[in-house]
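Descriptive analysis of the structure
Residues per chain, in single letters:
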2 protein chains.
Amino acid sequence: MAELSGQSGVPVATIKYYLREGMLRPGEYSSPNQASYGQSHVERLRLVRALLDVGGLSVASVGAVLTAIDDETMPLTWAFGVAQHALPNPIGTTPERPVPIGADDPAHFERTDSAEQQALLHPELREVFAERGWVVSAGNPGIPIATRVLETYDALGLSHLKSTLGRYAAAASSIAEADLGAVGMRDDRAEMVESVVVGTVLGDALLAGLRRIAQENVSNQVFPDSPA
Amino acid sequence: MAELSGQSGVPVATIKYYLREGMLRPGEYSSPNQASYGQSHVERLRLVRALLDVGGLSVASVGAVLTAIDDETMPLTWAFGVAQHALPNPIGTTPERPVPIGADDPAHFERTDSAEQQALLHPELREVFAERGWVVSAGNPGIPIATRVLETYDALGLSHLKSTLGRYAAAASSIAEADLGAVGMRDDRAEMVESVVVGTVLGDALLAGLRRIAQENVSNQVFPDSPA
């Protein structure tokens, strides 16, 4: 374990904590006090650190996404759901209708193209779904997030900000296609699921970073009033 | 104050706290124990709540963006910088080179097209800057965020995820143009700055929500292996 700690840069006490929490598989015991760890442990440790430190996931959420990576019977589409539900909610509120991912939950199969679900959608979001031909499960965590933002624009008397919705939706489509394209570059199932999880979690941050850069670039062009 | 609380739904104790923290201007005193509040107070209260609850900003950051809205001498391009710096960092680390926004700080005027700054950029980010003709201040908070994500993809042996960078950058450009377009729909300076602040803060969440929807939609098409 001291060696594993040296190779990964993760303190022994932290490795023991990850083992207790099931985020790291036990090593192979050659004697009661001697376990051996391999390259797979070093890689798993790096993944756990990235999800916690860079992705900002909770310990419980890291456990959920690791289960998705290790469960070879889970369909790949579900891995996206698991990764999405594991992400910290960007608006700091719990979605009203959280849908657990699992074959035993009928709500997982309710879809946004039913008349009932269409009526529940925010009118402007419903328009975007129609324009883009989007059909997803009713419990998709993006729906309450987008709804809350649109409602807040209205509540603040800044309804003109909703004019961005179409462009944002087009951008989101292009991003999702890039995400899926990257996943398809791997053919090993575990690597594909790991790509889904890491790309979903860190892709939000990458996009937020690039948006800050693009905003400054275009604002310098549109409003060249900087005293620089 | 009881009336203001009733109209806005914000408890009196909370209103007093906002007054102490300078997030709300004092009412006009008609007698030592009687102040009157107007529509502008109701609107400011709504904005403060949205930035705290929906945007997830800290009290200190709300103070900074309110100053930007109220300071009529601040150029509009700076308002973007203030809003960007106020946002919680999506990767949970402090950027290495935080740049305060202000005419007295020479670092504010150092730009990414200098040879020195080019050498500091992550190679793949430098390529994107060249392709898109992006030139921004060296202290743009998006630079360390995007860099950290790219480095993490490499560290996890998932370098193929970097193949998304070009599409993400194109999407970020389109989004930034939509953001600026929405701001330009207003002609009152205070309303423009408020649009910048709210659109920057809540736009990240809107985009994250739409990305979750688009991901599920495209993954259902690309991997139709769901047992639904």
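Notes on helix H4 (residues 59-70) of chain A
Residues and elements named next belong to chain A. Here H4 is twelve residues long and its end C-alpha atoms lie 17 Å apart, about the 16 Å a rise of 1.5 Å per residue gives. What H4 keeps buried is the set Ser 61, Val 62, Val 65, Leu 66, Ala 68 and Ile 69. On an axial view of H4, the arc spanned by its buried residues comes to 155 degrees, and they lie on one face.

A few points about the packing of aromatic side chains
For any pair of aromatic rings, geometry is given as the distance between the ring centres together with the angle between the planes. Residues and elements named next belong to chain A. Within this structure, the stated rule accounts for four aromatic pairs over all chains. Seen in terms of ring centroids, Tyr 17 and Tyr 18 are 6.1 Å apart; in terms of plane orientation they differ by 50 degrees. Their pairing is tilted. Take Tyr 17: its relative accessible area is 30%, and that puts it in the partly exposed class. Arranged with centres 5.7 Å apart and planes meeting at 90 degrees, the rings of Phe 129 and Trp 134 form a pair that is edge-to-face. By relative accessible area, which is 3% here, Phe 129 ends up buried. Judged by relative accessible area, Trp 134 falls into the buried class, the value being 4%.

Digging into the interface of chain B and chain A
By a widespread convention, an interface's size corresponds to the accessible area lost as its parts come together. The partner chain A presents 90 residues to the 90 residues of chain B that form the contact. Interface area, chain B with chain A, both sides summed: about 8700 Å², of which 67% is carbon and sulfur. Connecting chain B to chain A are ten salt bridges. There are 36 residue pairs in polar contact (both at pLDDT 80 or more) connecting chain B and chain A. Among the elements of the structure, helix H3 (39-54), helix H5 (76-86), helix H7 (123-132), helix H8 (142-155), helix H9 (165-183) and helix H10 (189-222) of chain B are those that each provide at least two residues to the side of chain B that touches chain A. Sorting elements by how many residues they give to the side of chain B that touches chain A places H10(B) first, with 26 residues.

Focus on the environment of Tyr18(A)
Residues and elements named next belong to chain A. On the secondary structure map, Tyr 18 appears in helix H2 (residues 12-20). Classification of Tyr 18 by relative accessible area gives buried; the value is 3%. Here the alpha-carbon distance between Tyr 18 and Val 48, two residues 30 residues apart in the chain, equals 8.7 Å. Non-local contacts of Tyr 18, meaning those with residues more than four positions away in its chain, are made with Val 10, Met 23, Leu 24, Leu 45, Val 48, Arg 49 and Leu 52.

Details of the relation of the copies chain B and chain A
Of the transformation superimposing chain B on chain A, the axial component is 0.0 Å and the angular component is 180 degrees, with the fit at an RMSD of 0.0 Å. Such a combination of rotation and displacement between the chain copies is what one expects of a two-fold axis. Within chain B, Ala171(B) has its C-alpha nearest the rotation axis, a separation of 2.4 Å.

Things to note about the pairing of strand S1 (residues 28-31) of chain B
When a strand is regular, its side chains alternate between the sheet's two faces. Residues and elements named next belong to chain B. Across three bridges, the pairing between S1 and strand S2 (residues 34-36) is antiparallel. Residue pairing for S2: Tyr 29 is matched across the bridge by Ala 35. Here S1 hands over to S2 after two residues, the two strands then running antiparallel side by side.

Describing the pattern of salt bridges
In this structure the tally under the stated criterion is 22 salt bridges over all chains. Taking the shortest distance from any N to any O, the salt bridge between Glu177(A) and Arg167(B) comes out at 3.1 Å. Taken as a pair, Glu177(A) in helix H9 (residues 165-183) and Arg167(B) in helix H9 lie in two separate chains rather than in one. For Glu177(A), a relative accessible area of 44% corresponds to the partly exposed category. Residue Arg49(B) pairs with Asp53(B) through a salt bridge whose shortest N-O separation is 3.7 Å. In this pair, Arg49(B) and Asp53(B) are both assigned in helix H3, four residues apart and thus about one turn of the helix distant. The network of salt bridges with shared partners includes Asp179(A), Asp204(A), Arg211(B) and Arg212(B).

Thresholds, definitions, all that
- Residues numbered from 1 in each chain as written.
- Chains lettered and ligands numbered in written order.
- Predicted model: local features only at pLDDT ≥ 70, side-chain atom pairs only at ≥ 80, totals over all residues.
- Heavy atoms only, no water.
- Helix = DSSP H or I, 4+ residues; strand = E, 2+ residues; numbered from the N terminus.
- Expected span 1.5 Å × (residues − 1).
- Buried < 20%, exposed > 50% of the residue type's maximum accessible area, 1.4 Å probe, protein only.
- Arc of directions from axis to C-beta.
- Phe/Tyr/Trp six-rings, centres within 6.5 Å; stacked < 30°, edge-to-face > 60°.
- Contact = heavy atoms within 4.5 Å.
- Buried area = accessible area lost by both parts, 1.4 Å probe.
- Salt bridge = Lys/Arg side-chain N within 4 Å of Asp/Glu carboxyl O.
- Polar contact = N/O pair within 3.5 Å; in protein donor to acceptor, adjacent residues only side chain to side chain.
- Least-squares fit on C-alpha atoms with pLDDT ≥ 70 in both.
- Pairing = 2+ DSSP bridges.

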